[in-house]
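Now for the letters of each chain:
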Amino acid sequence: MKKPIVLYKRLSPSLMARLQAHTQVTLIEDLGDDGMAQLRAALPEARGLLGASLKLDAALLDLAPRLEAIASVSVGVDNYDIDYLSRRRILLSNTPDVLTETTADTGFALILATARRVVELANLVRDRQWTRNIGPLHFGSDVHGKKLGIIGMGRIGEALAQRGHFGFGMPVLYHSQTPKPEVERRFNARYLGLRELLQEADFVCLTLPLTAQTQGLIGAGELALMRPDSIFINISRGKVVDEQALIEALHNHRIRGAGLDVFEHEPLAMDSPLLSLANVVATPHIGSATHETREAMARCAVDNLLAALAGERPSNLVNPQAYQH
Ligand code: DGY
C-alpha cells in the first residue's frame, strides 16, 4: 500500500510522476482558506508532507498523528518547531547545497544593484527622464575593492566571499559563531566581532539562519555602528533585523542604502515605508528562485521524503535525534 502524503507545492511532471509511483499524493496548489481546509482534512492520514513557505506548528501537526516525515523545499527551517518534531520522531529534511551558488548570486545582484543604483536609474530611463547626461546626483559607489562584511559564514556566506574576493578584489571581513581558518585561508578573510565588522565594512551582508539567537540581531544600536556610506544587504531572513530600525536608518541616511530580499512579513505590505525609499532595492524573496535551482531543490526534497518514508536516513536530515534505525 502506498503511503498517503500531502504535497503543497507544484512539482515538474517528472518529479510528480516519481512521487506518485511511490506514494499516494494529495496536491494542494494554493494555501488559501480552501487549501488550508484541504490540508487539515488530509493531515489525519498523512505519512509525509512536502512543500515550503508554510508555518507547520504544533496546532496543525497535532492533526497528523501518523506523520513520519516532512521534506521542506528550502534550506531555512525556521518554519518548524524542531524540538516538537524530534519528540514525535518526525524526520525533517531540507535542501541545502543545491541553492548555495544561486542565493549568493542574488546577494551579489543586490550589492551591485544597490551600490550602482541600477533599479532607480533604469526606472529613470524607463520613465523617459534621461534627458541629459547624468551628473553626481545620480552617481553610485564602487563595489570592487570595497570591504565585504559577511555575518554568518555558512555555505552561502562562503559563496558570497568567493565572489567578492576572486571576482571583485574585495577584502573579506566576516563574523560567525566561531572563526573559520579554512575560509580565512581561501579568501584571505578576517574574522571580526560583530561590532567591529559593522564599523568597518562597506557592505554588511546577512547570510545567517533565523533562530532564537539570531532573531533581532540587528537593531537600532547595530545600525548606528555602520558607516554612513555603507550598504546593508539581507538575503537571510527578515526577522534577523528590526525592520522599523532599518527603515529609520535608511530614512535618516544613517546608512547609504539597503538591498533586501527578505522581510519581517512576506509578502511585504503595500504600505511599507521601504517601498518609498529611493535607497532601497527590494526583491520578493528570490534567493533561490531560478528554474534550475528550484527544480534541483524539489528533486532533493522528493529524494529526502522517499528515503524517510522507506525507513532510510534522508541525506539532508535536520533532526538526526529523531532518526531510529
Ligand atoms: C530557503 O531555501 O530557505 C530560501 O529562503 C527559500 O527560497
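An account of the accompanying structure is given in this report. (Residues numbered from 1 in each chain as written. Predicted model: local features only at pLDDT ≥ 70, side-chain atom pairs only at ≥ 80, totals over all residues. Heavy atoms only, no water.)

## Some thoughts on the environment of Glu-222
Working step 1: By the element assignment, Glu-222 lies in helix 10 (residues 220-225).
Working step 2: The exposure class assigned to Glu-222 is partly exposed, which follows from its relative accessible area of 25%.
Working step 3: Considered as a pair, Glu-222 and His-144 are 78 residues apart in the sequence and their alpha carbons are 25 Å apart.
Working step 4: When neighbours within four sequence positions are excluded, Glu-222 is seen to be in contact with Leu-198 and Leu-217.
Working step 5: Side-chain polar atoms of Glu-222 contact the backbone nitrogen of Gly-219, separated by 2.8 Å. (Helix = DSSP H or I, 4+ residues; strand = E, 2+ residues; numbered from the N terminus. Buried < 20%, exposed > 50% of the residue type's maximum accessible area, 1.4 Å probe, protein only. Contact = heavy atoms within 4.5 Å. Polar contact = N/O pair within 3.5 Å; in protein donor to acceptor, adjacent residues only side chain to side chain.)

## Some points on the pairing of strand 11 (residues 257-260)
Working step 1: The alternating pattern of strand 11 places Gly-257 and Gly-259 on one face and Ala-258 and Leu-260 on the opposite face, and all of these are buried.
Working step 2: Relative to strand 11, strand 10 (residues 231-234) runs parallel, the two sharing 4 bridges. Bridge pairing in strand 11 places Asn-234 opposite Leu-260.
Working step 3: One crossover worth recording links strand 10 to the parallel strand 11 by way of helix 11 (residues 243-251), and it is right-handed.
Working step 4: Pairing of strand 11 with strand 12 (residues 280-282) involves 3 bridges; the strand directions are parallel. Bridge assignment links Gly-259 to a residue of strand 12, and that residue is Val-281. (Pairing = 2+ DSSP bridges. Right-handed = clockwise from strand over helix to strand, strands pointing away.)

## A word on the pattern of salt bridges
Working step 1: As enumerated under the stated definition, the model contains 16 salt bridges in all.
Working step 2: The partner of Arg-185 in a salt bridge is Glu-182, and the shortest N-O contact between them spans 2.9 Å. You can see Arg-185 and its partner Glu-182 sitting in helix 8 (residues 181-187), 3 residues apart, about one turn around the helix.
Working step 3: Among the residues examined, Arg-185 registers a relative accessible area of 58% and is labelled exposed.
Working step 4: A salt bridge links Glu-200 to Arg-190; its shortest N-O distance comes to 2.6 Å. (Salt bridge = Lys/Arg side-chain N within 4 Å of Asp/Glu carboxyl O.)

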